[in-house]
Amino acid sequence: MNAFETTIADSVLSTEHRMLRDETRTFVENEVRPEARERDPDGERMSDDLVRQLGEMGFFGILIDEEYDGLGLDLKAYAVLAEELSRGWLSVGSIIARGQSLAGATEAQKERYLPKMARGDLLKSIAISESDAGSDVANMRTRAEKDGDEYVLNGQKMWTTFAKGSDFILTYAVTDPDADPAHAGISGFIVEKPAGTFDRDGLSGQPIDKIGYHGWDTWTVNFDDVRVGEDKLVGREEGQGFYQIMEFFEEGRVHTAARAVGLARGALEDAVSYAKEREQFDQPIAEFQALRFKLAEMATRTEAARALTLLVAQAVDQGERADAQAAMAKLFATEVAEEVTSDGIQVHGGYGYTTEFDAERYWRDARLTKIFEGTNEIQKRIIADRLL
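Computed from a predicted structure; not experimentally measured.

Thresholds, definitions, all that
- The numbering scheme is per chain: residues are counted from 1 as the chain's sequence reads.
- Residues qualify for local features only when their pLDDT is at least 70, as the model is predicted, and side-chain atom pairs are given and counted only at 80 or more; totals for whole chains, interfaces and linings, by contrast, use all residues.
- Hydrogens and water molecules were not included; the side-chain quantities draw on all heavy atoms of the structure.
- Patch criteria: residues need more than 30% relative accessible area and no salt bridge. Like-charged residues are merged within 9 Å; nonpolar side chains of Val, Leu, Ile, Met, Phe, Trp and Tyr are merged within 5 Å.
- Surface exposure here means Shrake-Rupley accessible area, sampled with a 1.4 Å probe, where a residue is shielded only by the protein chains that are shown.
- One speaks of a salt bridge when a side-chain nitrogen belonging to Lys or Arg is within 4 Å of a carboxyl oxygen belonging to Asp or Glu.
- The sign given to each residue is positive for Lys and Arg and negative for Asp and Glu; His and the chain ends receive no count.
- A charged residue contributes its charge at one atom only: NZ of Lys, CZ of Arg, CG of Asp or CD of Glu.
- Numbering goes from the N terminus for both helices and strands, where a helix is a DSSP run of H or I of at least four residues and a strand is a run of E of at least two.
- Throughout this description, buried means an accessible area under 20% of the type-specific maximum (1.4 Å probe, protein chains only), exposed means over 50%, and partly exposed covers the range between.
- Two aromatic rings from Phe, Tyr or Trp, using only the six-membered ring of Trp, form a pair when their centres are within 6.5 Å; if the ring planes differ by under 30 degrees the pair is stacked, by over 60 it is edge-to-face, and anything between is tilted.
- The axes are straight lines fitted to the C-alpha atoms, using for helices just the contacting stretch, and the angles between their N-to-C directions are given from 0 to 180°.
- What sets the label is the angle itself: under 35 degrees gives roughly parallel, over 145 gives roughly antiparallel, 65 to 115 gives roughly perpendicular, and the rest give oblique.
- The handedness criterion is simple: a crossing whose near helix is rotated anticlockwise from the far helix by less than a right angle is left-handed, and one whose near helix is rotated clockwise is right-handed.
- By the convention used here, residues are in contact when the closest approach between their heavy atoms is within 4.5 Å.
- All residues other than Ala, Val, Leu, Ile, Met, Phe, Trp, Tyr, Cys, Pro, Asp, Glu, Lys and Arg, Gly among them, are scored as polar; the first ten of these are nonpolar and the last four charged.

Peer 1: Quick one: what's the story with a negative patch on the surface, residue by residue and with numbers?
Peer 2: Taken together, the side chains of Asp 65, Glu 66, Glu 67, Glu 107 and Glu 111 make up a negatively charged region of the molecular surface. Turning to its location among the elements, Asp 65 is positioned in the loop between helix H2 (48-56) and helix H3 (75-88). Exposure remark for Asp 65: the relative accessible area of 42% places this residue in the partly exposed category.

Here is the structure:
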């Protein structure tokens, strides 16, 4: 259970938010955490049954409007539910982003894809990063050349999580190599394929070994004369890809901050439980002042990260510009997650360094949150740019 019955951050949540949170918390305890304990230590991916349950409960359509069969909820709800799911297993808190949106799509594209995405019947992966174009999105080298009523894609993408499992890869490529500025020459494409395979002409992938973020695979994806119809150009207009990427980054950074809070909370709650049960010198270790102070610091940092994340989500929901604040939430929450999960291992002592407890998994996964959705160094740059 939660280390606190209520938190300061609860004051910004509606009754509906709290109901959804409590229902999700029960689901995580009954379904997500047991599967994480069983599968993560061996690097196994999450079960198809768990993904199906996520779809049935509407988790893939939290941000999709009701007219497209989604739940039509706000970013705050997305953050609350992402925190709960990630408290159980980061990969589960992450896979829900395979639905949610198709930034910049035309109305016809929304009608075709969003209802199925909301139900979990059609899930995406996203191919942006390359070996020389991670944080520097405008430096991508993958090309999409027009050939009649088709585009021909060539290049290689890195860090494409869920690429094999997805039903389509939302791929960003250069359509105008002479564009000035360079980012104005990037376009997005819907590259459809059978879920669970790379079985289409010119498409292939190699899995990337990771120390954490198990539960699903991350891939290097190769495009070798992959052809897509012009109707698969997102928005049906070239040169809009960079702006589409930026559109979902604000949402994505709040999502990442919420996931980081979930990991920190998992580490805190498990540490509190362990400290009450573990005895040394004829008393629970929770009685030792040094450990009590550590728990207090862990709780304070976690609560602060949650409050900032939810306030930024609320600002976005109210239509405020919050790019710098989203970067702050991502920066702060992920730094907190690494610190708190490391402290959680320390509370568990030697057992924290084994796979017998979840403490080590929280830390392995928390370390990644400082890298994906834009490294924390990039978040600092965004914040500094707004300040100056």
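Peer 1: Describe the pattern of salt bridges, with residues and values.
Peer 2: By the definition in use, this model includes 39 salt bridges. Here Arg 33 makes a salt bridge to Glu 29, at a shortest N to O gap of 3.2 Å. Placement of both Arg 33 and Glu 29 in helix H1 (residues 15-39) is noted, with a separation of 4 residues, approximately one turn of the helix. Given the relative accessible area of 32%, Glu 29 is considered partly exposed.

Peer 1: Tell me about the packing of aromatic side chains, and please be specific about residues and values.
Peer 2: Scanning all chains against the criterion turns up 12 aromatic pairs. Measuring from centroid to centroid gives 5.5 Å for Tyr 113 and Phe 168, while their planes differ by 55°, and the two rings are tilted. You can see Tyr 113 sitting in helix H5 (residues 107-119) and its partner Phe 168 sitting in strand E4 (residues 168-174), a full 55 residues away along the chain. Each of the two residues, Tyr 113 as well as Phe 168, counts as buried. Measuring from ring centre to ring centre gives 4.9 Å for Tyr 151 and Phe 189, while their planes differ by 55°; the resulting arrangement is tilted. Of the two residues, Tyr 151 is situated in strand E3 (residues 150-161) and Phe 189 in strand E5 (residues 186-192); the sequence distance between them amounts to 38 residues. Of the two residues, Tyr 151 and Phe 189, both sit in the buried class. Each residue in the set Phe 162, Tyr 213, Trp 216 and Phe 372 is aromatic and connected to the rest through ring pairs, giving one cluster.

Peer 1: Explain the packing of helix H8 (residues 323-348) against helix H9 (residues 359-369) residue by residue, including any values.
Peer 2: Following both chains from N to C, one finds H8 and H9 inclined at 160°, their axes separated by 8 Å at the closest point. Considering the angle they form, H8 stands roughly antiparallel to H9. Considering the relative orientation of H8 and H9, their crossing is left-handed. Across the interface between the two elements, Lys 330, Thr 334, Ala 337, Glu 338, Thr 341, Ser 342, Gly 344, Ile 345 and His 348 from H8 touch Ala 359, Glu 360, Tyr 362, Trp 363, Ala 366, Arg 367 and Thr 369 from H9. Of the residues assigned to the contact of H8 with H9, the class counts are 6 nonpolar, 6 polar and 4 charged.

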